[in-house]
Amino acid sequence: MQRRSFLGAAAACALPVGARAANELKGQLKITGLETDLLRFPPSGKPYADAIHQFGQASGGVALRLTTDAGITGWAYSSFGMIAGGPKVVQTILETEVKPVLLGQDPAFPKRLRSDLWKAVEYQGVQGVATFAIAAADVALWDILGKAYGQPVYKMLGAFRDRMPAYAMCGWYYEKDDDLTQFKHAISSHLEEGFPAVKIKVGRSDLDDDVRRIRTAQELCGKDRRVMVDANQVFNRNEALRRGRVYQQMGCFWYEEPLAPHERDGYGELARELDIRIATGENEYSKYAFLELLKRGGADIVQPDNRRAGGVTEWMEIGAIADAFGVEVASHGGGPANLHMLCAMPNAIYIEMGSLKGDSSTVEKLRMSAGAMVAPESPGMGSELRRDWLQKYKIG
């Protein structure tokens, strides 16, 4: 071996794993394939609801894999809690619109690829299920990049913290629960897991019922844990203000989605009239919608949804815009992908979670310490699905 060849090989071996991977992959990483699986989940057997939706029926999702010439696979998953036909539509967009754009491209250019995807789906509109597909593609791109460079994505995005306070979405409406037995059990079991805050649904019935549910949750939580309320768009402006004053007086930490998302002027009115934090954003698409909301002063906390907001690239821009307005961020939904993004946002305050007791659908299993979700340390997004889980629910 020549002296220079030997020294070059020795220097490469001395590099950290991530740097060595980056050196080896420089200039050669290309997307070679896009694969999808359609998933269908049976009814849960225990129906539950919010103010306007009924859950527990059959539901589904789409798993996405982007393969590369380096043997690295990027994963993403888009779920549907309802609307049986939604997953198939997203799968079709991924296979027919997204795939031709991504094949042969370098995943290290997610912003350029996002622009190309917007152009590809523009005729049908860059909202709704089209955004679900773009978001999934973007998450998979970042999963590839993290794995290629040997780093968890939150560090590649510029980490601000390595853990995020969590709250449990557990206070649903349950059938045959007039005495709130199921409601109480759901909250108590999540508090036993160590969650420092819980969110409950309101607005399905009258204000007296809301007050009863809030008091019950607060009694279970005690003085050291927070209670948030979520109305899921059910009110008009007058009723949202009337009930908001009561929630505020009762000491609820935030008041979530009292109005439909297009009521941005109404959100501005509520935020000006109420001292309680107004939280919203799970049904907004792209940074442009969030900008319009924030220009009206319509939120104290924005809540991007990983499917509707557009993926990692768009999420980070939404977080930066919110930070410029002095507004905080909390995720709609949990999981490793959301955790990576929140850990890279200085204005993030909470990740939404469910119980950690069941089996995780992802290979990356999250853990909580002292009421906070600990950031994943494995390379990528943590979005890779377990093969046995995938095989169990895959159809077609």
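Quick caveat: nothing in here was measured; it's all calculated off a predicted structure. (Residues numbered from 1 in each chain as written. Predicted model: local features only at pLDDT ≥ 70, side-chain atom pairs only at ≥ 80, totals over all residues. Heavy atoms only, no water.)

Observations concerning unusual backbone geometry
So, step 1. In this structure, Ser286 takes a positive phi of about 80° despite not being glycine.
So, step 2. For Ser286, the position within the fold is in helix α11 (residues 286-295).
So, step 3. A relative accessible area of 8% places Ser286 in the buried class.
So, step 4. You will see that Ala370, though not glycine, has its phi angle at about 55°, which is positive. (Helix = DSSP H or I, 4+ residues; strand = E, 2+ residues; numbered from the N terminus. Buried < 20%, exposed > 50% of the residue type's maximum accessible area, 1.4 Å probe, protein only.)

Concerning the sheet that holds strand β4 (residues 59-68)
So, step 1. Strand order across the open sheet formed by 4 strands is β5-β4-β1-β17, with antiparallel pairing between neighbours. Two strands lie at the open edges of the sheet, namely β5 (73-80) and β17 (394-395), each paired on one side alone.
So, step 2. On top of the sheet, helix α3 (residues 86-102) reaches β1 (31-41), β4 and β5; it is set at about 180° to β1, its chief contact.
So, step 3. Helix-sheet contacts for helix α5 (residues 129-149) involve β1, β4 and β5, and the interaxial angle to β5 is about 150°. (Pairing = 2+ DSSP bridges. Contact = heavy atoms within 4.5 Å. Axes fitted to C-alpha atoms, helices over the stretch in contact; angles between N-to-C directions.)

Some words on α5
So, step 1. For α5, built from 21 residues, the straight-helix expectation of 30 Å at 1.5 Å per residue is met to within 8% by its first-to-last C-alpha distance of 31 Å.
So, step 2. Where burial is concerned, most of α5 is hidden: 18 out of the 21 residues are buried.
So, step 3. Within two residues after α5, Gly150 carries a phi angle of roughly 70°, on the positive side. (Expected span 1.5 Å × (residues − 1).)

Quick word on the pattern of salt bridges
So, step 1. As enumerated under the stated definition, the model contains 30 salt bridges in all.
So, step 2. The salt bridge partner of Glu314 is Lys287, with a shortest N-O separation of 3.4 Å. Of this pair, Glu314 sits in helix α12 (residues 312-324) while Lys287 sits in helix α11; the two residues are 27 residues apart in sequence, bridging distant segments of the chain. Judged on exposure class, the residue Glu314 and its partner Lys287 are both buried.
So, step 3. Between Asp305 and Arg308 there is a salt bridge, with the nearest N and O atoms lying 3.4 Å from each other. Summarising the burial analysis for this pair, Asp305 and Arg308 share the class buried. (Salt bridge = Lys/Arg side-chain N within 4 Å of Asp/Glu carboxyl O.)

A look at the state of the cysteines
The term disulfide refers to a covalent linkage connecting the sulfur atoms of a pair of cysteines.
So, step 1. What the rule picks out here adds up to 0 disulfides.
So, step 2. Unpaired in this structure, Cys252 has its nearest cysteine sulfur neighbour in Cys221, at a distance of 10 Å. (Disulfide = S-S within 2.5 Å.)

Quick look at the environment of Lys223
So, step 1. Topologically, Lys223 is positioned in the loop between α8 (207-221) and β9 (226-230).
So, step 2. Taking the C-alpha atoms as reference points, Lys223 and Met353, separated by 130 residues in sequence, lie 21 Å from one another.

Observations concerning the nonpolar core
So, step 1. Counting 98 residues, the largest nonpolar core has Val98, Leu102, Ile200, Tyr247 and Tyr255 as the members making the most contacts within it.
So, step 2. Take this core: its biggest share by element is 13 residues, from α5.
So, step 3. With residues near it in sequence (within four places) discarded, Tyr247 still touches Val202, Leu207, Asp210, Ile214, Val229, Phe235, Cys252, Tyr255 and Ile276.
So, step 4. Listed in part, the 10 residues of the second largest apolar core include Tyr167, Trp254, Ala279 and Ile301. (Core = buried A, V, L, I, M, F, W, Y, C linked by side-chain atoms within 4.5 Å.)

Describing helix α10 (residues 264-273)
So, step 1. Residues Gly266, Tyr267, Gly268, Leu270 and Ala271 constitute the buried set of α10.
So, step 2. Packing partners of the buried residues in α10 comprise α9 (237-249), β11 (277-280) and α11.

Notes on the sheet that holds strand β2 (residues 48-49)
So, step 1. On the basis of which strands lie adjacent, the open sheet formed by 3 strands has the order β3-β2-β7 and antiparallel pairing. Strands with a single pairing partner mark the edges of an open sheet, and in this sheet they are β3 (54-55) and β7 (173-174).
So, step 2. When β2 meets β3, the two strands line up antiparallel, connected through 2 bridges. Bridged to Ala49 within β3 is Gln54.

Regarding the confidence of the model for the protein chain
So, step 1. On average, residues of the protein chain score 92 in pLDDT, and 93% of them are at 70 or above.
So, step 2. For residues 1-20, every residue scores under 50 in pLDDT, and the model assigns this stretch 8 contacts once sequence neighbours within four places are set aside. (pLDDT = per-residue confidence, 0-100.)

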